[in-house]
Each structure stands twice: as C-alpha cells, then as structure tokens.
Amino acid sequence: MSRPAPAIYVVDDEPAVLKAVGRLLRAASFDVITLSSSREFLAQYDHAAHGCIVLDIEMPDLNGLDLQGTLGAEGMGLPIIFLTGHGDIPKTVRAIKQGAVDFLTKPVDERVLIDAVRAAIAKDQVYWQARIEIAEINRRLATLTPREHEVLRHVISGRLNKQTAAELGTVEQTIKVHRGRVMEKLNVESLAELVKLAERAGISAVPPVD
Amino acid sequence: MYCVVTRTASVSRRLTRAALGIGQRVLLALLSGLVVLPAVAAVRPTFRYDPTYLIDTWEIEDGLPENSATAMVQTADGYLWFGTFAGLVRFDGVNFTVLTTSNTPELPDFGIVNLHLDKSGRMWVSTYGGMAVLAQNKWRRVDKSSGWRDGDYARTFAERENGDLLVTTFNGKVFEYSQDTLKELPRPPGEAGKGYHGLVGLTGDWWVTQHESVGRWDGKQWIPTTSPTHALAAPSISAHARDGGAWMLIGRDLIKLREGREISRRTLPQEPGGAWSLFEDSRGNVWICTYDQGVCRIAPDGEMRRWNTSNGLVYNGVRFVFEDREGNLWIGTSGGGLNRFKPRRFKAYGVENNLPERVVKSVSPAPGGGMWIGTYGKGLFRVDAPEIREVPLSTAGRAGPTYVQSVLTDRAGRTWVGSFDQGLWVKDKSGWRRIPDQCVGGGNVTSLFEDSRNRVWMGDGQGVTMFDGESSNIYAAEHGLAHGAVRCFAEDIAGNIWLTNPAGVFRWTGSRFIEVRDAEDKPFRDMSWLKSEAGGVMWMGTLSRGLLRLRPGGLDRIDERTGLPAASFVGILEDDRGCFWLATNRGVIRVLRRALEAVADGKESRLDYQLLGLTDGLPSVECAGGQQPACARDANGSLWFATVKGVASIDPADFQVNTSPPTVEIEELIYSVPTSDRRKLRQFRESRFTAPSAVRPSLPQGSRHIELHYTGLSFAAPEKVRFETMLEGRDAEWQDMGDRRIAYFNDLGPGNYVFRVRAANNDGVWNKAGASLAFAIEPFFWQTLWFRVGTGSLLVLVGAAAAWLISHQRHRRAREANEHFRQVVEASLHAMISVNKQGRIVMVNSQAETVFGYRREEIIGLRVEQLIPGGLREQNPGRLNSPIDLGANTTGAATRELTARRKDGSEIPVEMGVNPVCNGSGALALVCVIDITARRQMERDVARQRYELSHLSRVNMLGELSGSLAHELNQPLTAILSNAQAAQRFLSHEDVDLNEVRAILSDIVSEDKRAGEVIRRLRLLLKKGEVQSQPMDVNEAVQDVMKLVHSDLLNHGVAAYTELAAGLPAVTADRVQIQQVLVNLVMNACDAMGASDREHRKLLVSTARDNGDVLIRVTDEGCGISPERLDLIFEPFVTTKEHGMGLGLSVCRTIVAAHAGRLWATNNASRGACFCVSLPACEGVAA
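Conventions we followed
Residues numbered from 1 in each chain as written. Chains lettered and ligands numbered in written order. Predicted model: local features only at pLDDT ≥ 70, side-chain atom pairs only at ≥ 80, totals over all residues. Heavy atoms only, no water. Helix = DSSP H or I, 4+ residues; strand = E, 2+ residues; numbered from the N terminus. Buried < 20%, exposed > 50% of the residue type's maximum accessible area, 1.4 Å probe, protein only. Contact = heavy atoms within 4.5 Å. Areas by Shrake-Rupley, 256 points an atom, 1.4 Å probe, with all protein chains shown as cover. Pairing = 2+ DSSP bridges. Axes fitted to C-alpha atoms, helices over the stretch in contact; angles between N-to-C directions. Phe/Tyr/Trp six-rings, centres within 6.5 Å; stacked < 30°, edge-to-face > 60°. Lys NZ or Arg CZ within 6 Å of the ring centre and 35° of its normal. Polar contact = N/O pair within 3.5 Å; in protein donor to acceptor, adjacent residues only side chain to side chain. Salt bridge = Lys/Arg side-chain N within 4 Å of Asp/Glu carboxyl O. Core = buried A, V, L, I, M, F, W, Y, C linked by side-chain atoms within 4.5 Å. Expected span 1.5 Å × (residues − 1). Bend = angle between axes of the 7 residues up to and from the residue.

Chemist: Residues and numbers for the overall build of chain B, please.
Modeler: Of regular secondary structure, chain B possesses 13 helices and 80 strands. Taken across its 1183 residues, chain B has 52% of its residues classed as buried. Sequence separation of at least 24 residues holds for 54% of the intrachain contacts in chain B that already meet a minimum separation of 6. Approximately 53,000 Å² of chain B is accessible, and the part contributed by carbon and sulfur atoms is 51%.

Chemist: Got a sec to walk through the environment of B:Leu166? Specific residues and values, please.
Modeler: Residues and elements named next belong to chain B. When you line up the elements, Leu 166 lands in strand S12 (residues 165–169). Put simply, Leu 166 and Leu 182 are 16 residues apart on the chain and 9.4 Å apart in space, counted from C-alpha to C-alpha. Filtering out sequence-adjacent residues up to four positions away, Leu 166 remains in contact with Thr 156, Phe 157, Ala 158, Val 174, Phe 175, Leu 185, Gly 198, Leu 199, Trp 206, Trp 207 and Val 208.

Chemist: Explain the sheet that holds strand S15 (residues 197–200) of chain B to me, and be specific about the residues and the numbers.
Modeler: Residues and elements named next belong to chain B. The strand order across the open sheet formed by 4 strands is S15-S16-S17-S18, and the pairing between neighbours is antiparallel. This sheet does not close on itself; its edge strands, each paired only once, are S15 and strand S18 (222–224). Strand-to-strand twist in this sheet, taken as the mean axis angle between neighbours without regard to direction, amounts to 30 degrees. In the sheet, strand S16 (residues 206–210) pairs with strand S17 (residues 213–217) via 4 bridges, with the strands oriented antiparallel. Its bridge partner being in S17, Thr 209 is matched across the sheet by Val 214.

Chemist: A description of the packing of aromatic side chains should follow, citing residues and the corresponding values.
Modeler: Residue and element names in this part refer to chain B. Evaluated as defined, the whole model comprises 40 aromatic pairs over all chains. For the pair Trp 58 and Phe 91, a centre-to-centre distance of 5.5 Å together with 70 degrees between the ring planes defines the contact as edge-to-face. Of this pair, Trp 58 sits in strand S2 (residues 53–58) while Phe 91 sits in strand S5 (residues 87–91), and the two are 33 residues apart along the sequence. Each of the two residues, Trp 58 as well as Phe 91, counts as buried. Consider the rings of Tyr 710 and Phe 755, whose centres lie 5.9 Å apart with planes at 40 degrees: the pair is tilted. One end of the pair, Tyr 710, is in strand S63 (residues 704–713); the other, Phe 755, is in strand S67 (residues 751–760), and 45 residues separate them in sequence. Residue Tyr 710 shares its accessibility class with Phe 755, and that shared class is buried. Put simply, the rings of Trp 58, Phe 82, Phe 91, Phe 96, Trp 330 and Phe 715 pair up and form one aromatic cluster. Directly above the ring of Tyr 79 sits Arg 90, whose terminal nitrogen or CZ lies 4.0 Å from the centroid. Above the plane of the ring of Trp 766 lies Arg 758, whose end atom (NZ or CZ) is 5.8 Å from the centre.

Chemist: Mind laying out the sheet that holds strand S39 (residues 424–428) of chain B, listing which residues take part and the relevant values?
Modeler: All names here are of chain B. With respect to topology, 4 strands assemble into an open sheet ordered S37-S38-S39-S40, the strand pairing being antiparallel. For this open sheet the edge positions go to strand S37 (404–409) and strand S40 (431–434), each flanked by a neighbour on one side alone. This sheet shows a mean twist of 20 degrees between the axes of neighbouring strands, independent of strand direction. Note: S37 against strand S38 (residues 415–419), 5 bridges, orientation antiparallel. Bridge pairing in S38 links Thr 409 to Thr 415.

Chemist: Let's hear about the side chain of B:Thr974: which residues, and what values?
Modeler: Relative to the helices and strands, B:Thr974 is located in helix H9 (residues 933–988). There is a polar contact of 2.5 Å between the side chain of B:Thr974 and the backbone oxygen of B:Asn970. Once you skip the residues sitting within four places of it in the chain, B:Thr974 turns out to touch A:Val17, A:Lys106 and A:Pro107.

Chemist: Help me get a handle on the pattern of salt bridges, residues and values and all.
Modeler: Residue and element names in this part refer to chain B. In the structure shown here, the tally under the stated rule is 73 salt bridges over all chains. Where Glu 728 meets Arg 756, a salt bridge forms, and the shortest distance between an N and an O atom there is 2.4 Å. Pair noted here: Glu 728 is in strand S64 (residues 722–728) and Arg 756 is in strand S67, with a separation of 28 residues, a long-range link. In this structure, Arg 822 engages Glu 819 in a salt bridge whose closest nitrogen and oxygen atoms are separated by 3.2 Å. Separated by 3 residues within a single helix, Arg 822 and Glu 819 lie in helix H3 (residues 785–827), roughly one turn from each other. Of the residues examined, Glu 819 reaches a relative accessible area of 35% and is grouped as partly exposed.

Chemist: An account of the nonpolar core is needed here, citing residue identities and associated values.
Modeler: Residue and element names in this part refer to chain B. Counting residues in each nonpolar core, the largest one holds 46 residues, and the members touching the most others are Met 540, Leu 547, Ile 558, Trp 581 and Phe 641. In terms of residue count, the dominant contributor to this core is strand S54 (residues 579–584) (5 residues). Among the nonpolar cores identified, the runner-up in size contains 43 residues, and Met 1042, Leu 1049, Ile 1074 and Val 1082 belong to it.

Chemist: Go over helix H11 (residues 1034–1051) of chain B, please, and point to the residues and values.
Modeler: All names here are of chain B. Its 18 residues give H11 an end-to-end C-alpha distance of 26 Å, which sits within 8% of 26 Å, the value for a rise of 1.5 Å per residue. Considering bend angle alone, the principal kink of H11 is centred on Val 1045 and spans about 50 degrees. The buried fraction of H11 is high, at 13 of 18 residues. Where H11 begins, the side chain of Asp 1033 points an oxygen toward the backbone nitrogen of Asn 1035, at a separation of 2.9 Å. Downstream of H11 by a residue or two, Gly 1053 has a phi angle that is positive, lying close to 65 degrees.

Below you can see the structure in the form of structure tokens.
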C-alpha cells in the first residue's frame, strides 16, 4: 500500500483564525484542509488519511475535546495538536490523557506551530504503519466464520484441541479442521505468529474455565 | 277601569264624634261638621269619533250617587257642583264628594232639583223638600215664613246686577228675593199651574215667559207685553243671551228677544223635541236640551246638530248644558249621568269613521286640497274632510299595493306610492303603474322625498333611487351608503340631500354618500327624522334618545332629562307661529321654537311644552315613525300626523293653550294619635272646604301618619293635572308629586308647619300661588319651650360653675404647660423658633442660637424670613395671617429643604417644618429648623462610596470576565500573527503571490480593528467615569453584552439565545451600568448551570414591554434558588458561589434602583431561575 502525502486538518470555528492558520501552514508547504466545525470534520475525514489535526477547543456544539474523544473511540489515531485561546489546566490534562501530541495557546508562533505539526506528522508515520498493518489483519480476520473466530479465541488462550472441543460442544477432529482453516485464512505459519497477530488485532482471550 | 271608593257614612260619623270628643282640637265644621268621603271618578277612554267634541260620561258606576245630573254651578273656588236625585255632588274632576241629608242635616232633602250660584257666591239649592242656601260655608234653610213651601221646586233663577233674584217654580209660582227676604209675587199672565221661565231685562226688570205669554214686572204688577206672533201648542222655553236679551224657543223657531222685541228669528231645520232648557255657550252656540231627544246645538251659522244615544249620550233626557271656566261643556241627563263635551283639538280619522285600517304609515297633501292616507294593510285612501274614500290602485287587472308605507305627490303632479309588498307605484297622465323592480333597488319602499330641484328620492331596504325627470339612478353600498331602510330624507340649505337609515346619517355629495358622524366619530344610529333649517342646523329626532340639534361646531341633546316627556321622536313639523310639533311615542308635543332653542343652548333647564294625547283627540299616542312622509302640513297650514290608530289633524291657528291655571284646594288633614294603649292608633280627620284658613289646626302630642288631601281644579283633563308640594318646616324645595293628590308625612316632630301645594293644568300652566295650610303638632311637656328653658337655665347654671372651675384649673395648667412647653422646646436637639401672628420670632431654644450663630436676644423680634429667606412665605403663602388657616391646614405640613443664613452670612442647608400651636403667650406657629449640613455630607459620602463600590464590582467583574476577554482578544491576535507570518513566508518564496499577500494584509487590518473594538467595549464597561443617563436601546445593550460574553458562554458550554421584542421604547439609563448588570446576571447564570447536563446549559435573554416598563429577563436552566433565599441573594456578601464576594447582585440591585427600576429573581416552573430587570420606559422616545 503506497503512502499518501500528509494533510493537515485545521478545525476552528473562528473564520479569521482558520483562514490565517491555514495560510501559514500552506506557506510552510503543507497540504491544508480547513474546516469550521467538528461536525464538518467528521463528515469529511478519511480513514486512510495521513497527517495531523490542528484543533480548536472552544467551539459550539461539539468542542475540540469531544471530537478528540470521538476519534479515539473510532480508533482513528490521527495525531491532534490543540490550539486554544485559553488553556486551563483541567482541559490540558484531559487533552493529553486522550493522546494529544501538543497543546498550544493562541496566538501561536509559526515556529512552534510548524514544529508541532512536523512532530505530529512524524508520529503519524509510525501510527500510519501500524494502522495499515492492523487494517490488513482486520481484513483477514473478517474472512473468518463466527465458528472459526470462536476457535481462534480458544486457541490463543492456550487451550488444547480437546478442551476447546469440550467447551464448544463438538469433537476434537472438528476443532483441528477449524484451526487449520484459521491459520490458512490469517496467513500464519505457527501458533506463536497467530497469537501475536491476535494481540495486535486486540482479540481478547477466553477466560479459563474452572 | 273603575275605581270607586266605598266608605259608609256611619264610619264618617263615628270618626266625627271621635274627633269632636278629643276636645275642640279638631277644626272642622266649616260645613257644619260635614265629613264627606269622596268617590273617585274613573277616567273613561275618551276617543270617540265625534268630529267636534271629545265626549266623556260619568254614571253611577263611576261614583255618582244617582244616575242623573239636574243642574250645575261652578263656585269661585273652582269646584263644580251638581245636583242629583240622591244628593248634591261636589266634583273636582277626579273625586265626587256627595252631600246628603245624612252628612249635611241642613239640606232639606237629598233630591236636588235645581241649583243657582248668585253673584255674591251664595249657592241656592232647590230640593224635593224645600230650598237651602249655602253662603260663607254655612247652610241656611229657606223657611215657610217666606212663603216657600216644600212642594215648590225652583225651575228657573234670574238675577239682577244688584243680586236680587227672581225664582220661578214648576207649579207656576214666582218669587222675588230682595234685601234678604224672599216673597211671592202675584201670578203673571199665562196659564195657571204651569211653570214660567224667569229672565232679567237690560234695565234690570223682571220678565217671565210661558208658552207664548211674556210678562214684565213693573214693580207692582205684571204687564203683558208684545206676544210672539206664533201661538203654538208646543211649550216654549227661554234663556239669557250672552249679549243681553233672551233666547226663546217656540215650536221650531229660535227667537232672540231684546226688551220684549224680536230681533232675530231662525226656523230650525227639524223639530228639536220636547224642550227642557236653553243655553248659549261662549262660542255662540245655542243648546236645546230636550227631555226625549237628546240635545241639539244650533251654531251661529244656523247649522243644527243633535247628540243622543246614537252618537255619544247614554240617555236622551237632557236637563242642562253648562260651560265651565275652561270652556268644557257639561251636559246633565235625568237618567244617563253627567257628560263632558270637550272641544277637540285634533280631528281624527280612524276605524270609527270609515277608515277600514287602524295602522296608518304615511300622510301627505294630495292634489286639490285633500290628504293622502297610506294604510298598512288596506291600501291608499284620500281624505277630503270630512269624507274618506279609498283610492284603488290597480293596473291591467293587477291589484295594487295594500301595505302602503309612503305616499307623495310631486310638483309635476305625479303621485308616488311606496309599499312594503309591491314596491313603488306612480300615477301620471297615463294612470297608475308599477315602477319595474330593476329601476328601483328592491321592494319595501319606506321613504319618498322631493327636493328643491324637483328630483324625487326614494329609499327602500336596499338603497336609494333618485328620479330626475324621466331618468333614475340607483345608489347603494358602492356609493358609500350602508345597508338599511331609509327612514327620512332632508335637504339642507345648501341643497345637499341628507338621509338617515338604521346604520346612520348620510349626506349626498353629488357622487357618493358620506356618513355624518358626531364629534367622537360615532355614527348617528337611531335617527328617525331630519329637519333642516337655516344656519346649517339639522334637527334630528331619535328613536330612543330624544331630540338632537346638530349645528356647525356642536351637538345638543334635549331628552327626558331636559324635560321632554318622550324619548322617541318620529316627526318634526313647524307651524307659522314659531312652534314645533313633535310626533312621538307619547303623543304630539307642541313647544315654542325659542323655548326649545333656549334649552338646547343651555340657557334654560326646564322646557315648557304641551303634551297632546288622547284627551286632546289624538286617536293614539303612538305616532307612526320610520317612514316618510309620516306627518305633513297641508295647504291651509293644518298639521297631520299618522298614528297607529288613524290620522289626526290640527290647525295651529285654532290651537289655544288652556291658560286658566287650576285653583288649588287643601281638602283634608288626616292624622293618627296613639291611644292610651300605645300600640293602637286612632285616626282623626279634618275637612276644609276653603283655604287658607285663619285657624291653624293644632295636632295633639305624638300625632303621626299625617295625610294631606288636596286637589287642583282643572276640568279639561283632570288626570293631567300635576302637583308640587312643600312642607315648610321640613322641606327646602318643592317636591314633584306627579298626579298624586295626597301627601303623606309619617313622623313629624312637634313644631309649626306650613303645607304648600301648587298645580299645573293639562297644558303645563302653573298656579304658582297654590294653596297652603298651616298646622302645628303640639309637643310633649319635655318638648315644650318652658321645659327646655327651665332645664336649659339649670344646665347653664351648673355649666357656669363647672366652667369657672375648669377655667381656674386650666389657667394653672396653662402656666404649667407653658413652662413645660418651654422646657421641651429647650431640650430639643433641633432649632425651634416660635413665631407670633405677625411672623416675628418670640421664642427660640439654645439650639437655634448655635444653628444661626445669633445670641438669643438678637433673634427675638426678627422675622423668620431674615433667617430663612423665603421660608414661611413660600411654605405657607398668606397662612400666617389667620390662625384658623394655620390651625386647619398646617398641621403635619411636610418639612422641606431650604437654605438658612447665619449671622456671619454663611449659608447652611436646613429642613424646616411649621406647626401651629396655641398657647397663652400669643405664639402662633412653632418652626422647627434642622441643620442638615452633616446629613448632606453623609449623603455625599454614601454616594461616593456607592460609586466606589460599583467600580470595585466592575473590577471584580473584569476578573470574572478575564478568560472570556482574553479569548476575545486572542482570536484577532492569533489571526494577525499567523497572517503576518504566513505573509513573511510567502514573501520568501521565489515566485511571490502578491494577491495572496494583499489578501493577508487586508485580513490583518480587519482583525486588528476587531481587536480594537473588543478593547473599546471593555474600556467602556470598566471606565470609571460619571454616570451618564440618556435614552438607550435596551436591545442594543443586550446584543453588546452577548458579544462580550460570547467566549465565556462557549467556555461554559452554554448555548445562549436571545428573544428581543421589536419596537421597544427607549429607557433613560447609563448604558454602561446596565450592561454591567447584564454581564453580571449572564455570568451568574453560566455559573448556575456549571453543574447541569449539557442539554440543560441553555441561557435565554429576552426583552419585552411591560406596561410602562421595559423588562429584561435572564433565564437559565440551572439549579435555581431556594425560595427562602430569593430575596436574600440581593443582600451584600451573600453568595452561592464558592469564590464569590457576594457583591455582584447587591450592586446590580443598587444600580437598577438608581435607575428607578427593579431587579428581582424568580424560579422557573420547570428548572432554573429567572432574573428580571425592569426599567421605566421613557415614553415618546422610540428606541
């Protein structure tokens, strides 16, 4: 998968600020997309996007922190630089906890802003790689039948085939067949590889049965 | 309806005895102890279609003692007396008082044969049983000594100028009464045993007639004189002629004799019948009473008319015709009671003289001298007096209209008939035809009118049609005319046509109708008649509100309050004698134009008028209205009125007001006295037949339930006689009694009273003198003068002694009080000054010395004005001149601020109050002067502190706002910085995009300005400057504030809304301070919603108008305020916030109060609180 050019999403409800910040980043040779509200952003964003978000906090309707929460929940992972007129401590803490890469106050110097944007893009490089991988794993996982998915969860939990068969109410032979098909579909050679993949995909193990 | 009061004579006798028994107190007996009980005469319906007279009849059912009337006289006091075969009757028009032998023992017999009133006022009464004379209220029998025997009945009385009488009897005797003696004269020539008629010659000699015999008395013997040429068997009778001489009827010949010579003779067209008596009335008519064929009237022109049972009388035997002072004729019969023939004022045409329909809607002159009568149900009629005939309207076999509402003959000779059922008809040379409906607005034609230009206007239910020659035009709603049947048209002097319909009054301008309205722009709604006259005056008759006079510049109303006896006026006519004749629902009112104008002008409050009704010959008192013409003048000047029972006409030239005022009599005084039982009352009655009396009745102690019976003697229409009474000693004004003839007084105290009564006749002519009766009610001993004087003197003695004691005490106390007063004054913390009547200072306290800087002895004698310029004079202009004024008005006078001048010339502010005092030292007023220098200083300090505090709160607010303000400023600064740095970058590129750079610079400029604006607003809000009150727009202020707090709202996650009322008035206020208040309230609201869910963080700022105030509401959806704290929160240092100082709301309230406004808080019904600021609007200044 080829990597797209990074884009900077600038979200601010204040048109003059939006325009000026957008201009500044464009003058620094970034691809800039300016959006005047969180909703507009959500309507536009692309999962495969690459770059970062320069986000205002005080916005009507859905504010910056809320947007950040929404994106985190969706597992989007575009790095966020907050740009706020009046950053108090609680907000800053919340923003950082939620994974913001930087928290800048208005008015912001170009150097600070551009450095922050560059750092964010660099961070996004890593994120993006991981996002791509995870996207591939997810694509493969999506090919599993529910029964195979169930078997997968038992396998990565370290259960023996006959244990799994007992818990799922079938015979050992059937489990063997399912297991082989999962390894095949997920394109892994070993049990260790399978466990690693499942971990990255965030697939939870089945708790042991007493 | 008959109302006969029946009380028995025995009751009256008992009462009389009782009254006498009380001990000569009862004044009585002017008629020898006569107590008579009157019977009330009922008024019968008078309308009968006799063309000349209105005939009324009273029979035994109406109160007569017997159904005959044998003779009649009218005494000087105005009563009519007549004889019946069962008593002598006194009549006042309403009540019959019957005298018989039972209540008048002096009467020889109750059968009364003849009466005569001589020139000295004696009434001669010839009875079956002898003769008696009533003179000076005393009866005297004519006894046998004079030769008069019981079987002699007087047939005629003749009287000389000197009062000598000649009395003839039915049995042929002749008596002379001279020098108080009655003696029989020798038998005159003629047939023995037959009665004679006695007469007095021009020179005073006696004449008698019997058949064809005539004799003259020369003092010693009868001389047969020239005998009438005819010698017929028929009996002849005679009577005095008004111009002297005598009338004599012999057979069919009516002969006038003078001094025995015949001077005229008229042969009657028919046999009169068995003649009984002759009478000549004041109009020159000779009446022949017959005993078998009623009564005949021979007019001066010889016309002979007869009345008998077929046309008005109930009995054909007629005894006499008598004319009272008002010209009413009284006709007595010997079996059909008493009749009154009253000359008609109105001639009438109705059902009883051949008009087949009662309801007449229209009357107007017909060509050739007659009158059209439009009836409602039987078509058109024409009167050519006295004939009435139907006018058939039909064309080509089609029946004409039957419900005629309007009829009019125009100058071109066409006759127009408007109807309810068949539209409009017209008669021209070709005969009757119906105007096609499309040429008129519709059916139901109500009004027809011809204007001065010969145009005929027709009004119907739809509109108006104007016929001009052969053409016609229809005008309706599209010409400005409201819907409704036209009631009347009129033309003003300028030639404009006016009309009235149920919607109002309209004027035709030549192209459309313009509605005429009153000064208050209200329509004239219930007008029914218009009468235009010179000077732009329009008289308007209304259906319920009297008469209106619309004149340039005003509207006058004459209605029941200003004396008109009716409310509904459906027609107005004017005669040539300056009188208005008003057709109403209460009859026809005749009123002098100048009297009407005087009332309309407000110069007179009482209107004199004559109300003419049934008793004047009008067939109904309800005149027809709502159509035109409903009343009209004919060519001879007679006025015609349509009524709901026919048509009436009157000739104003013949109309004479009844100018004889009624004589007034007080007839009886009735009262009750408590008996020894106390719970029972005993009634006493005093009758009087003359008034006023020299004797003053004196009623015993405790008399009560006093009744005074009185009467007004007018016989034209006794039921229309009106009375006013006044009881001197109790009333100060005349009381209107209407037609009541009894006055009641229930609980009069002891004392002297004069009861006065006056009366007006049917035409409103008053007897202003009236009658009076003085009477007294005796006091109980404790009510008497001597008792009062005695007890009074005793009281005075005791009082004097007590007064001396009290005065002595008082003197001592006064001295003490004076000293006390001085001490109190001295002790006062304020300057006190006592001022005498002349305004000079007589006493001061030490405080006054301090305040004014004078020594005490320097102040005494100065005027208050010298210390306090303008003090007393301004406060109490002229008051000090009178102690009464001071005492009455100055107590509690409000203090007020003035400037006092000290001895050193410096001025100090003072408050001063004046109180009247009365003490022995002659001081009149105590002036209290308070030096308010310190208070002023304090007030200034407080004001300054308040100002400081308000600034402090502003600074405090700045802290609260700082985050918001930082944001407000940060935004433009961010934009500017980023733009500038972007521009730097662009400029460093190799190919500089100058357009981009220009755009950037332009943005920088506008953002910089925006930042400047934020700072300006901030400075305004925080400025420490003078308060400047000027008209401001509340909405603008709210919008500004919302901008200012925009970021804070965002910060708090609060969604803010505004609802600003349009068109609010301005308020006079300091804009900055008001905004400060609003910022405070908004910030509070944000804080209050800090803990709320996001969906409940809503703030609404609204403005509205509230009566004279402008209201600003800041509503949140926060936690609200606990009820007990709703008012507390405005106290200083009370706060709900963790970090608040608790000054914001208290300062806010101070600020709002300083603007004469109010600030309060309420909890919303759902959730949250609402803070309201109300500021008085400055009226007349739009925001």
